[in-house]
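Coordinate analysis (summary)
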Amino acid sequence: MKRTRICELLGIEYPIIQGGMTWIANAELAAAVSNAGGLGTISPNAGMRLEDDVVANLRSQIRKAKSLTDKPFGVNLVVQIPDIEDLIGVLIEEGVKVVTTAAGSPARYTPRLKEAGIRVLHLVASVRHAKGAEKSGVDAVIAEGYEAGGHNGIDELPTIVLVPQVVDALSIPVVAAGGIADVRGFVAALALGAEGVQMGTRFVATHECIAHQNFKDGIVTATDTGTMITGRRLAPTRGLKNEFTAKVAELDHRGATPEELLAFIGIARSRMGQLEDKLEEGEAYCGAIAGMINEIVSAGDVVSSIVEGYDRAMASLKEGVW
Ligand SMILES: Cc1cc2nc3c(=O)[nH]c(=O)nc-3n(C[C@H](O)[C@H](O)[C@H](O)COP(=O)(O)O)c2cc1C
């Protein structure tokens, strides 16, 4: 397996990152990915109820992960959330080595994180934002195409178009995200100039992920057309097609105001779709790659199948065949 600057930067064996996923990027999943040589990531809200204290939840998730692995793992911060200052305090106190940031300016928190010796990777969906992140002092960017599950960039750039342009524009390493589920996506990402990959949807359908069984089954049974983007006028979001996405599409079609859309969607919907027994009513963030995910496996096997497949793929490519 090729070692890249991402391996050096994060102190990991293979440049494979499990992305943050608000309700379901739990300690067991992160530790399994890190133990397999990649970088697991915890989300502060993982597994908690709406009324629970997110700061206490993050501390307990970090401690759980530390009890399960001695390898580095990361924490994902959606930088607009209200408790951000306290969350940063906790991850510094607990000695977390890597933070991935998303959905907001990296300029605000990167200096504090870097001062604490933490590696910072910021998620971007355009060259302009990637350049801004580099200027803010982040160590690497994660360039995410609109194939990805969850919130997408408003310009809807696909991974294959976004990644090489970001690579050309920056000198720091670039991680590709969106539409990667196996060794084919991994090799393609490296061919585009990325020095690593981040995957979300593939890691939902694993034994260690805390996602509700219905959500995992929804991914496994989805076909190539099983996901859609909703909320283009608010915050474009890709998820499994269900009663919820049909209703949002209908509201959009009727010309509902952003306030009306927000009132319908709310924060609880994503928890319902991902952690509760309410797949049809909830927001089940899911990437377009779901059609290629046909079974629930262990997170370590996701990493090792890419590592093993990479050497085979390289040998085949030398022969001029895949
Ligand atoms: C269920 C789900 C929840 C997500 N939540 C977050 C999040 O809270 N923060 C974040 O930065 N990215 C989030 N993402 C994006 C992932 O971290 C990752 O970048 C993305 O899933 C990669 O594309 P893929 O789904 O095609 O693998 C989420 C993705 C999914 C599927």
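1. Some words on the environment of Ala 205
You can see Ala 205 is positioned in the loop between α9 (201-204) and α10 (213-221). A tally of 25 C-beta atoms within 10 Å means that Ala 205 is categorised as buried. For Ala 205 and Thr 257, which are 52 residues apart along the polypeptide, the C-alpha to C-alpha distance reads 35 Å. Among residues more than four places away in sequence, those in contact with Ala 205 are Lys 216, Ile 219, Val 220, Ile 293 and Ile 296.

2. Observations concerning the domain arrangement of the protein chain
Interface size, as often reported, equals the accessible area lost upon joining of the parts. For the protein chain, the assigned domains read domain 1 (5-210 + 296-318) and domain 2 (213-289). Placing the centre of domain 1 and that of domain 2 at their C-alpha centroids yields a distance of 22 Å. Listed as interface residues are 21 residues of domain 1 and, on the opposing side, 19 residues of domain 2. Broken down by secondary-structure element, the contributors of at least two residues to the side of domain 1 that touches domain 2 are β7 (150-151) and α9. Taken together, the residues of the side of domain 1 that touches domain 2 break down into 10 nonpolar, 9 polar and 2 charged.

3. Things to note about helix α14 (residues 299-318)
A rise of 1.5 Å per residue sets the reference length of α14, with its 20 residues, at 28 Å; its end C-alpha atoms lie 29 Å apart and thus fit the reference within 8%. Taken together, the buried positions of α14 are Ala 299, Val 302, Val 303 and Ile 306. Looking at the packing, one finds that the buried side of α14 touches β1 (16-18), α2 (27-35), α8 (183-191) and α9. Looking at the residues trailing α14, positive phi occurs at Gly 320, about 85°.

4. As for helix α4 (residues 84-93)
Turning to α4, its buried residues are Leu 87, Ile 88, Val 90 and Leu 91. Angularly, the buried residues of α4 cover 160° about the axis, an arc narrow enough to put them on a single face. Of the exposed residues in α4, the ones pointing more than 90 degrees away from its buried face are Glu 85 and Glu 93. Buried-residue contacts for α4 involve α3 (54-68), β3 (73-78), β4 (98-102) and α5 (110-115). Phi turns positive one or two residues past the end of α4, at Gly 95, with a value near 75°.

5. Observations concerning the nonpolar core
In terms of nonpolar packing, the biggest core is built from 93 residues, with Val 141, Ala 143, Val 166, Val 174, Val 175, Ala 176 and Val 197 touching the most fellow members. Here this core gets 6 residues from one element, more than from any other, and that element is α2. Setting aside residues no more than four positions away along its own chain, Val 174 makes contact with Ala 140, Val 141, Ala 143, Val 163, Val 166, Val 167, Gly 193, Ala 194 and Glu 195.

Procedures and definitions
Residues numbered from 1 in each chain as written. Predicted model: local features only at pLDDT ≥ 70, side-chain atom pairs only at ≥ 80, totals over all residues. Helix = DSSP H or I, 4+ residues; strand = E, 2+ residues; numbered from the N terminus. Buried ≥ 20, exposed ≤ 12 C-beta atoms within 10 Å, placed from the backbone. Contact = placed C-beta atoms within 7 Å. Domains from an automatic or database assignment. Nonpolar A, V, L, I, M, F, W, Y, C, P; charged D, E, K, R; others polar. Expected span 1.5 Å × (residues − 1). Arc of directions from axis to C-beta. Core = buried A, V, L, I, M, F, W, Y, C linked by C-beta atoms within 7 Å.

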